[in-house]
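In case you want the letters, here they are:
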Amino acid sequence: MGKKKDSDPDSKEYGEAAQFDPTFHGPIHNRSCTDIICCVLFMLVILGYMVVGIIAWLYGDPRHVLYPRNSTGSFCGIDHNKGKPNVFYFDLLQCATSTNVIAAALNGLQCPTTQVCVSECPKNFWGLTDYLGRPADAFNQSLCNPSINLTTTTLSVTEIVDKELCPFFYTPTTSVLGRCLPDVTALGQIPDYFSEIPNLPPSLNASLMNSTQDVVNSFNAKDVGVRIFEDFASAWPWILLGLVISMLVSMLFLLLLRFTAPVMVWLLILGLLGAGGYGIWHCYWEYDNYKTRAVSITDIGFTTNLEVYLQTQETWLAFLIIIAVAEAIILLTVIFLRKRILIAIALIQEASRAVGHMMSTLLYPLVTFVLVLVCVAYWGITALYLATSGAPIYRVVALNVSQGDCERYNGTQECDPLNFNSSSAPGCPSARCIFIRYNDEGLLQRNIFNLQIYNAVAFLWCVNFVIALGQCTLAGAFASYYWAFSKPSDIPYFPLSSAFIRTLRYHVGSLAFGALILTLVQIVRILLEYIDHKTRSAQNPCARFLMCCLKCCFWCLEKFIKFLNRNAYIMIAVYGKNFCVSAKNAFFLLMRNIIRVVVLDKVTDLLLFFGKLLVVGGVAVLSFFFFSGRIPLPGETFRSENLNYYWMPIITVAIGSYLIAHGFFSVYNMCVDTLFLCFLEDLERNDGSQERPYYMSKNLMKILNKSNKGAK
């Protein structure tokens with residue numbers, strides 16, 4: 001009779017209740033390996049992932065991205081260019097007009113202008129004001145092509161400029177990733193400087209001023225970035241202090257929930273009802289104010305000015321009805337489900353006690369974070385090496401096709417930048433040996449795309465596996481707490497490390513199985529996003545609607561898979577069965593108690609949302625008062641006036657506080673879910689007799705009007 005009373009009316013549709021097992025006293029220790037086939041498959045994928053990394057390491061050359069190159073293809077800062085870490089562009093405007101200079105710099109692409117390795121980027125304006133009668137030493141030797149010696153050359157200034165052996169002008173620059181790019185703090189003076197240069201053709205003068213103005217606009221973001229970096233450099237100790245405070249507040253909040261959970265939950269519920277009551281009153285007040293006005297929605301018709309609708313009586317009447325219905329639903333839910341709300345509160349209190357007895361669980365998110373960081377780093381490095389695995393291809397390109405016999409040098413003739421000179425392209429003095437792309441004609445290069453796909457899929461699978469490992473480990477630790485009959489004396493020693501070892505020893509295959517299902521769904525979502533991005537301009541309304549529905553469906557499917565996996569991992573940690581059996585048992589157990597599931601989920605979400613809001617909001621407000629100078633420190637320890645943008649440290653602390661609170665609260669959420677499943681199993685397995693005593697806390701037994709008959 002007791003089981004029928006505690007279960008939902010339609011519970012028989014979802015399997016039989018768990019049967020009593022006299023040998024069960026918590027997470028089973030005598031278990032065997034599960035989902036061996038998936039374990040072997042996962043290990044083979046990991047082995048293949050390592051092979052892909054080795055191949056990328058052997059054939060890739062990230063120097064193409066990490067180091068700039070000069071016109072001859074040599075890397076600046078290493079080998080014979082050691083001591084010259086920066087590349088200087090003779091005519092940076094050629095880069096700006098022919099290709100994007102930022103993309104060229106970051107991707108290692110060459111601009112159609114001479115580039116030389118230099119020790120320092122020029123910091124001043126300079127221009128050749130008059131070609132005639134000027135000696136060769138008017139140029140700066142350190143910025144010229146190393147093939148020319150200005151003290152011994154017999155070439156005239158005009159010949160030096162025509163052959164691009166030296167730059168005929170340059171502007172103040174600064175080193176950005178080893179590239180001498182315009183200094184935005186001085187570029188505003190460029191138009192004035194060019195206007196003072198005599199004998200400069202008007203067309204060139206206008207081109208220079210227009211192009212440099214574009215460059216100024218392009219690099220404003222870089223100046224802001226430098227200032228933000230300076231703020232971080234001066235405020236990082238106080239940012240770190242703010243993050244430590246958020247960690248302490250999060251921990252304190254979770255530990256105090258055992259005492260404050262009932263008060264906080266009922267205050268939040270009453271606050272929600274109070275907000276709804278105020279909304280009803282305000283809507284009625286607005287409705288009454290617009291009674292005398294004859295304007296209605298039918299008179300207004302359709303308009304994009306939404307404020308007009310707020311001036312009609314029908315709008316406020318609709319708001320009034322909606323809020324009143326929602327208020328009635330919440331009120332009836334609280335009245336008729338108050339017992340289940342009390343159960344949810346008791347489980348939240350019990351979770352706080354469990355975390356208090358196993359404080360090491362609060363540090364486990366650091367393990368997950370480190371493992372995920374390793375996966376991300378391996379994926380990024382492998383992708384970088386794969387992208388640079390082909391040999392660079394250089395071809396002869398004429399900068400001025402109308403000059404001499406330059407039409408035939410259109411990028412089809414390959415060249416060697418180390419041996420390229422004026423005789424390599426006879427009749428075309430503006431010909432240059434320029435980097436085009438990486439070779440993609442070899443066996444490895446033809447399969448680079450496939451290897452990158454493998455890299456991405458294996459990365460997603462590994463990340464999902466790491467998250468699953470953390471969930472199963474925490475579930476095993478918290479389950480050992482619940483099934484300890486006398487707490488805390490019966491709690492096993494080192495429950496977290498025991499659960500971690502047990503999970504790795506027996507259930508790698510089951511975790512990999514659940515992670516693979518989630519990975520496949522995520523791959524489909526990524527493909528849908530890619531297809532939508534590529535075909536957005538060609539989609540009609542019907543196609544956009546269909547794509548939106550597909551994305552929404554797979555988003556919901558991903559959420560459901562995560563929910564199912566999470567509860568399956570709890571059952572795996574407790575009973576040691578394979579993934580499919582554990583997922584089925586967890587799903588049926590939850591469906592037999594669906595009302596309790598919904599109430600606990602919403603109450604926990606409400607409480608943890610309030611906790612995150614309290615931690616993030618409190619620390620953010622404290623940071624605002626500190627970094628804005630409203631809380632001054634004695635002496636000259638820190639002055640807010642030294643910050644360029646005081647809001648950047650505040651945003652950093654707020655985001656960091658949210659991530660820290662999310663890490664702590666995810667442990668707590670896992671604890672609540674684990675204890676809840678164990679609580680439902682406890683109700684189905686046991687009846688409170690001496691042979692089948694309840695393992696739940698006395699508070700839960702009191703709420704359910706149950707007791708252990710043999711207890712004193």
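Every value quoted in this text rests on a predicted model; they were computed, and no experiment measured them.

1. Thoughts on a nonpolar patch on the surface
Residues I36, V40, L44, L47, M50 and V51 make up a contiguous nonpolar surface patch of roughly 560 Å² in combined accessible area. Assignment of secondary structure puts V40 in helix α2 (residues 36-59).

2. Overview of the pattern of salt bridges
Within the structure shown, the criterion is met by 10 salt bridges. Where K602 meets D601, a salt bridge forms, and the shortest distance between an N and an O atom there is 3.9 Å. Put simply, R685 and E681 hold a salt bridge, and the shortest N to O gap is 3.2 Å. Separated by 4 residues within a single helix, R685 and E681 lie in helix α22 (residues 647-685), roughly one turn from each other. Residues R685 and E681 agree in their burial class; the two are buried.

3. Some words on unusual backbone geometry
Its identity as a non-glycine residue notwithstanding, D35 has a phi of 50 degrees, on the positive side. Here D35 lies in the loop between α1 (2-6) and α2. One non-glycine residue, F494, lies in the positive phi region at around 50 degrees. One can find F494 in the loop between α16 (448-482) and α17 (495-506).

4. Concerning helix α10 (residues 257-289)
Between its terminal C-alpha atoms α10 stretches 45 Å, which fits the 48 Å expected from 33 residues at 1.5 Å a residue. Of the positions making up α10, those classed as buried are L257, A261, M264, V265, L268, I269, L273, G276, G279, C283, E286 and Y287.

5. Describing the nonpolar core
Ranked by internal contacts, the top residues of the largest apolar core, which has 98 residues, are L257, Y668, F679 and M696. When sequence neighbours within four positions are dropped, the list of residues in contact with Y668 reads L254, L257, I348, Q349, A351, S352, V355 and L608. F88, V118, V161 and Y170 belong to the second-largest nonpolar core, a separate cluster that totals 19 residues.

6. Structural notes on the confidence of the model for the protein chain
Overall, the predicted model of the protein chain reaches an average pLDDT of 78, with 77% of residues at or above 70. Across residues 1-11, confidence stays below pLDDT 50; counting only partners more than four residues off in sequence or on other chains, it has 14 contacts.

Rules used in this analysis
Residues numbered from 1 in each chain as written. Predicted model: local features only at pLDDT ≥ 70, side-chain atom pairs only at ≥ 80, totals over all residues. Heavy atoms only, no water. Patch = residues over 30% accessible without salt bridge, like charges linked within 9 Å, V, L, I, M, F, W, Y side chains within 5 Å. Areas by Shrake-Rupley, 256 points an atom, 1.4 Å probe, with all protein chains shown as cover. Salt bridge = Lys/Arg side-chain N within 4 Å of Asp/Glu carboxyl O. Helix = DSSP H or I, 4+ residues; strand = E, 2+ residues; numbered from the N terminus. Buried < 20%, exposed > 50% of the residue type's maximum accessible area, 1.4 Å probe, protein only. Expected span 1.5 Å × (residues − 1). Core = buried A, V, L, I, M, F, W, Y, C linked by side-chain atoms within 4.5 Å. Contact = heavy atoms within 4.5 Å. pLDDT = per-residue confidence, 0-100.

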